[in-house]
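Residue-level structural notes
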Amino acid sequence: MDTSTPSPGRTPHRTAPEGSPLRRILTGTAALLAVVGLLCLGAVLLSGLRGESVWPGFAAGAIYLLPAAFVLMAGLIIDGIRRRRRG
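Residues numbered from 1 in each chain as written. Predicted model: local features only at pLDDT ≥ 70, side-chain atom pairs only at ≥ 80, totals over all residues. Heavy atoms only, no water.

1. Some words on the overall build of the protein
Looking only at helices and strands, the protein features two helices and zero strands. Buried positions account for 15% of the 87 residues belonging to the protein. Counted over contacts in the protein with a minimum sequence separation of 6, partners at least 24 positions apart contribute 64%. (Helix = DSSP H or I, 4+ residues; strand = E, 2+ residues; numbered from the N terminus. Buried < 20%, exposed > 50% of the residue type's maximum accessible area, 1.4 Å probe, protein only. Contact = heavy atoms within 4.5 Å.)

2. Description of the UniProt feature "transmembrane region" (unreviewed entry) in the protein
Feature annotation in UniProt places "transmembrane region" (unreviewed entry) on residues 30-49 and 55-78, given in this structure's numbering. Along residues 30-49, the helical share is 100% and the strand share 0%, with 28 Å between the first and last C-alpha atoms. (UniProt positions renumbered as here; feature names shortened; annotations may be inferred.)

3. What to know about the pattern of salt bridges
When the charged atoms of two side chains lie near each other, side chains of opposite charge can form a pair. Tallied over the full model, the rule gives three salt bridges. A salt bridge links Asp79 to Arg23; its shortest N-O distance comes to 2.9 Å. Separated by 56 residues along the polypeptide, Asp79 in helix α2 (residues 56-86) and Arg23 in helix α1 (residues 21-50) bring together distant segments of the chain. The exposure class of Asp79 is buried, given its relative accessible area of 18%. Measuring nitrogen to oxygen at the nearest pair gives 3.1 Å for the salt bridge that ties Asp79 to Arg83. (Salt bridge = Lys/Arg side-chain N within 4 Å of Asp/Glu carboxyl O.)

4. Observations concerning the packing of aromatic side chains
Under the definition given, this model contains one aromatic pair. Judged by centre distance (5.2 Å) and plane angle (85°), the ring pair of Trp55 and Phe58 falls under edge-to-face. Judged by its relative accessible area of 33%, Phe58 falls in the partly exposed class. (Phe/Tyr/Trp six-rings, centres within 6.5 Å; stacked < 30°, edge-to-face > 60°.)

Okay, here's the thing in structure tokens:
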């Protein structure tokens, strides 16, 4: 379907993401925090399965980074919903 000539009453499909540079930076930060937090959680789980002691940095990473990423992503989703409702 050609998106260059939209049918009446419909908006064309946009391929490029919209948003301010700040929003893109926050999205990237949230994704990076989530990935690093999951890697820390994996290290904690593997250390626990091997019966080794866990480095406190990995435990702190899993405890703090995953919730921070979740809160940041939730805020971005709520902001996106607000933007869409405004028009």
